[in-house]
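Chain by chain, the residues run as shown.
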Amino acid sequence: MKRRYPTQDHPLLRLLLTVIAVSVIGLFLLLPLATVFSQALSKGVVAALEALKEPDARSAIWLTLLVAAIAVPLNAVFGVAASWAIAKFDFRGKQFLTTLIDLPFSISPVVSGLIYVLIFGLQGWFGESLRDANIKIIFALPGIVLATVFVTFPFVARELIPLMVDQGRDEEEAATSLGASGWQTFLRVTLPNIKWGLLYGVLLCNARAMGEFGAVSVVSGHIRGLTNTMPLHVEVLYNDYQYVGAFAIASVLALLAIVTLVLKSLLEWHFADEIAATHRH
Amino acid sequence: MNVAVSRWRNPSALPGFGLSLGFTLFYLSVIVLIPIAALIIRPWSAGFSGFWHVLSDHRVLAALRLSFGGAAIAALINAITGPIIAWVLVRYSFPGKRILDALIDLPFALPTAVAGIALSTLYSTNGWLGEPLSHLGIRVAYNPLGVVLALTFIGLPFVVRTIQPVLTDLSREPEEAAATLGASRFQTLTRVVLPSLMPALLTGATLAFARAVGEYGSVIFIAGNIPAVSEIAPLLIIIKLEQYDYAGASAIGVLMLGASFVLIFALNLLQNWIGERR
């Protein structure tokens, strides 16, 4: 019998641990995913596709795309600005600022929605003046956008900050000393260096923006065909016992998750050094 | 002017400090800080006793106990399976490993409502897993057990993903030394490898706990939401909001926010501890 190297596990231990790991991943992660698709297709492909063509479903898909199209660019611009300030300059309170930026990650989604209700809701700070001015924020698009921006707030910044701190300031300093303007330096020197990290952050930000449920649920009011995003419409249909419809929309969201995971893995495999934050979430 | 400025920041050759920091602080205040302040000052209109009255309610207490207790149990389960999965993914090689590795992030990527209806269907008494389990007398769905299950699902990647990089960077020399000195493989694993993973394991479990305490979407479908039995704290906030009980909702909200702050503080302490060990 071949001798094992001292840091290798006994084949039986190896087998045992591998079986545990594979079954946890299989039963716990893969099976729920398979359930989504199998339930969606339980009455056939046509029924699932028909469910996606319902007017309420289409308006939910449209609203989800619209909300992500507003929230993701906002947080991307913020992420770039914050990481430029934090990585390229030395100032007091930097560590505290970084902690504050991460704050929304630690807050319950429901609390994230609640805070905006307390400001813009009917009994909130601006509730009555908004009603008098006939502006709707809660139970309308602006509230949904705000809640989504809040829960996806740190995604781009937390990818870019460590990356840009790592890359230092030499290249930018060289560019400005050679006469480049601030914007030229940013567009021609910094942006090419951070583009994969930025894309990585935007990818994760977008996945969360399109899939957010708790926070949006608080501010949306669940008005069918009007303020229901895809995840909310899934809830409405599921509670209505319309399982094919609920799982058909859930499948679209699950596909989005799979595409996100594939792109994320590709970015990690090919540009590990240029993302630098492969293990952070 | 320049002297005053340089006291809190060092001079830099690069432009854009005012613009980038100004925008950062403005956006942070408008989106995060002011709304959070609005929550913090809200529940005190009836003084501390009003705040306490909300939280000492039987139904609220039960919900808080389930959210915090369930999150703790889920973090504990993940603290056991997480290191095993990380170990297998880092140290062993087998076909399909990369796909398994990518799948770990599924609970991050899958919208919580989708996870919620999938778990609920899977574990209901006529579901793929719920039916065989019900023959064994185990009811998962519409039970506190279902809550723990959903919270475990949502927390798994935190533990695996915090341990993985530490394990990858871990030098094998101490293991070799232990083996040379006559330690069995089991002794080496529990006395040499595990202690060096401890900070990462604690960090990961804390992150999983923090996420699970406030989790909503993946839980409410499988929980059944029976008052004082399988009702989680975030759901109670929503119920109170629907009854226009803003003070009640914000009292629970402030408590959960306080828990978030404590956990952030604990994580910072852990990070410093890890920094000192290096």
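Residues numbered from 1 in each chain as written. Chains lettered and ligands numbered in written order. Predicted model: local features only at pLDDT ≥ 70, side-chain atom pairs only at ≥ 80, totals over all residues. Heavy atoms only, no water.

**Some points on the overall build of chain B**
The condition that has to hold: The way it works is that DSSP assigns letters per residue, a run of H or I at least four long becomes a helix, a run of E at least two long becomes a strand, and they are numbered from the N terminus. The classification of residues rests on relative accessible area computed with a 1.4 Å probe and restricted to protein chains. Under 20% of the type maximum is buried, over 50% is exposed, and intermediate values are partly exposed. For this analysis, residues touch if any pair of their heavy atoms sits within 4.5 Å. Per-residue and other accessible areas were derived by the Shrake-Rupley procedure at a 1.4 Å probe size, with only the shown protein chains allowed to occlude residues. Only four residue types enter the tally: Lys and Arg on the positive side, Asp and Glu on the negative side; His and the chain ends are excluded. Note that the charge is assigned to NZ on lysines, CZ on arginines, CG on aspartates and CD on glutamates.
A count of helical and extended segments in chain B gives 14 helices and zero strands. Listing the helices and strands of chain B from first to last along the sequence gives α-α-α-α-α-α-α-α-α-α-α-α-α-α. Taken along its principal axes, the extent of the C-alpha atoms in chain B is 75 × 65 × 35 Å. The buried share of chain B, reckoned over its 278 residues, is 54%. By sequence separation, contacts in chain B at least 24 residues apart represent 73% of the contacts at least 6 residues apart. Per element, the accessible surface of chain B, about 12400 Å² overall, is 66% carbon and sulfur. Between the mean site of the 17 positive side-chain charges and the mean site of the 13 negative ones, chain B shows a separation of 5 Å.

**A look at the interface of chain B and chain A**
Selection rule: The rule for a salt bridge is simple: a side-chain nitrogen of Lys or Arg has to be within 4 Å of a carboxyl oxygen of Asp or Glu. What qualifies as a polar contact is a pair of N or O atoms within 3.5 Å, subject to a donor-acceptor requirement within protein and to the restriction that residues adjacent in sequence count only when both atoms come from side chains. Residue type decides the class: Asp, Glu, Lys and Arg count as charged, Ala, Val, Leu, Ile, Met, Phe, Trp, Tyr, Cys and Pro as nonpolar, and the leftover types, Gly among them, as polar.
Listed by partner, the interface residues are 93 residues for chain B and 94 residues for chain A. Linking chain B with chain A are one salt bridge, by the criterion used here. As a salt-bridge pair, Lys264 of chain A and Asp105 of chain B come within 2.4 Å of each other at their nearest N and O atoms. At the junction of chain B with chain A, the criterion picks out eight residue pairs in polar contact (both at pLDDT 80 or more). When residues in the side of chain B that touches chain A are grouped by element, the largest group, 18 residues, is from helix α2 (residues 17-41) of chain B. Of the residues contributing to the side of chain B that touches chain A, the split by class is 65 nonpolar, 17 polar and eleven charged.

**Description of helix α9 (residues 144-169) of chain B**
All names here are of chain B. Basically, it comes down to this: Expected span, for any helix, means 1.5 Å times one less than how many residues it has. The angle separating two fitted axes, one through the seven residues that finish at a residue and one through the seven that start at it, defines the bend at that residue.
Taking 1.5 Å per residue as the helical rise, α9 with its 26 residues ought to reach 38 Å, and the 39 Å between its terminal C-alpha atoms agrees with that figure. Along α9, the sharpest change in direction is near 40 degrees and occurs at Gly155; proline Pro157 comes one to four residues later. Taken across its 26 residues, α9 has 21 buried, putting it largely inside the fold.

**Brief notes about the confidence of the model for chain B**
All names here are of chain B. Rules: pLDDT measures how confident the predictor is about each residue, on a scale from 0 to 100.
Per-residue confidence for chain B gives a mean pLDDT of 87; residues scoring 70 or more make up 96%. Confidence over residues 1-5 falls short of pLDDT 50; this stretch has zero contacts with residues more than four positions distant or in other chains. Quick note on the complex model: pTM equals 0.89, ipTM equals 0.88.

**Focus on a nonpolar patch on the surface**
As a reminder of what qualifies: Patch membership needs two things, relative accessible area over 30% and no salt bridge, and members are linked within 9 Å if like-charged or within 5 Å if nonpolar (Val, Leu, Ile, Met, Phe, Trp, Tyr).
Taken together, the side chains of Trp125 and Phe126 of chain A together with Ile34, Ile40, Ile41, Trp44, Phe48, Trp52 and Phe261 of chain B define a hydrophobic patch exposed on the protein surface, amounting to about 930 Å² of accessible area. Contributions of two or more residues to the nonpolar patch are made by α2 and α3 (47-55) of chain B. By residue number, the principal contributor to the nonpolar patch is α2 of chain B, which donates three residues. Secondary-structure assignment places Ile34 of chain B in helix α2. What makes Ile34 of chain B partly exposed here is its relative accessible area of 41%.

**Considering the packing of helix α3 (residues 55-88) of chain A against helix α7 (residues 141-151) of chain A**
Residues and elements named next belong to chain A. Short version of the rule: Lines fitted to C-alpha atoms define the axes, with helix axes restricted to the stretch in contact, and inter-axis angles between N-to-C directions lie between 0 and 180 degrees. Should an angle lie under 35 degrees it is considered roughly parallel, over 145 roughly antiparallel, and from 65 to 115 roughly perpendicular; all remaining angles are considered oblique. Here is the rule for handedness: rotate from the far helix to the near one, and if that takes an anticlockwise turn smaller than a right angle the crossing is left-handed, while a clockwise turn gives right-handed.
Closest axis-to-axis distance for the α3/α7 pair is 9 Å, and the angle between their directions is 50 degrees. For the element pair α3 / α7, the angle class is oblique. Judged by the twist between their axes, the crossing of α3 over α7 is right-handed. Residues Leu63, Leu66, Val67, Ile70, Ala71, Leu74 and Asn75 of α3 lie in contact with α7, whose contacting residues are Leu141, Ile144, Val145, Thr148 and Val149. Looking at the contact of α3 with α7 residue by residue, the classes come out as ten nonpolar, two polar and no charged.

**As for the nonpolar core**
The tendency in soluble globular proteins is for nonpolar side chains to be buried side by side. For the record, the criterion: What is meant by a nonpolar core is a set of buried Ala, Val, Leu, Ile, Met, Phe, Trp, Tyr and Cys residues, joined one to another through side-chain atoms within 4.5 Å.
Counting 174 residues, the largest nonpolar core has Ile101 and Phe150 of chain A together with Ile31, Ile85, Leu110, Tyr123 and Ile252 of chain B as its most contacted members. Of all the elements, α3 of chain A adds the most residues to this core, at 15 residues. Residues within four places of Ile85 of chain B in sequence aside, it is in contact with Ala21, Val24 and Ile25 of chain A together with Ile104, Leu156 and Val160 of chain B.

**So, the packing of helix α2 (residues 45-53) of chain A against helix α13 (residues 243-270) of chain A**
Residues and elements named next belong to chain A. Where α2 meets α13, the closest approach of the two axes is 9 Å, and the angle between their N-to-C directions is 80 degrees. In terms of axis orientation, α2 runs roughly perpendicular to α13. For the pair α2 and α13, contact is made by Ala47, Ala48, Ala51 and Leu52 and by Val244, Gly245, Ala248, Ile249 and Val252, respectively.

**Notes on the environment of Val114 of chain B**
As for its placement among the helices and strands, Val114 of chain B is situated in helix α7 (residues 112-123). For the pair formed by Val114 of chain B and Ser218 of chain B, sequence separation is 104 residues and the distance between their alpha carbons is 7.4 Å. Not counting chain neighbours up to four residues away, the residues in contact with Val114 of chain B comprise Val36, Ala250 and Leu253 of chain A.

**As for the environment of Asp169 of chain B**
Residue and element names in this part refer to chain B. The topology assignment puts Asp169 in helix α9. Assessed through its relative accessible area of 66%, Asp169 is described here as exposed. Put simply, Asp169 and Ile41 are 128 residues apart on the chain and 46 Å apart in space, counted from C-alpha to C-alpha.

**Points about the packing of aromatic side chains**
Residues and elements named next belong to chain A. Note the threshold: Each aromatic pair joins two rings of Phe, Tyr and Trp (for Trp, the six-membered one) with centres within 6.5 Å, and gets the label stacked for planes under 30 degrees apart, edge-to-face for over 60, and tilted for any other angle.
What the rule picks out here adds up to 26 aromatic pairs over all chains. Pairing Trp196 with Phe271 gives two aromatic rings, centres 3.9 Å apart and planes at 10 degrees, and the pair type is stacked. Of the two residues, Trp196 is situated in helix α10 (residues 182-211) and Phe271 in the loop between α13 and α14 (272-275); the sequence distance between them amounts to 75 residues. For Trp196, a relative accessible area of 23% puts it in the partly exposed group. Assessed through its relative accessible area of 22%, Phe271 is described here as partly exposed. For the pair Tyr241 and Tyr243, a centre-to-centre distance of 6.3 Å together with 90 degrees between the ring planes defines the contact as edge-to-face. When its relative accessible area of 63% is taken as the criterion, Tyr241 is described as exposed.

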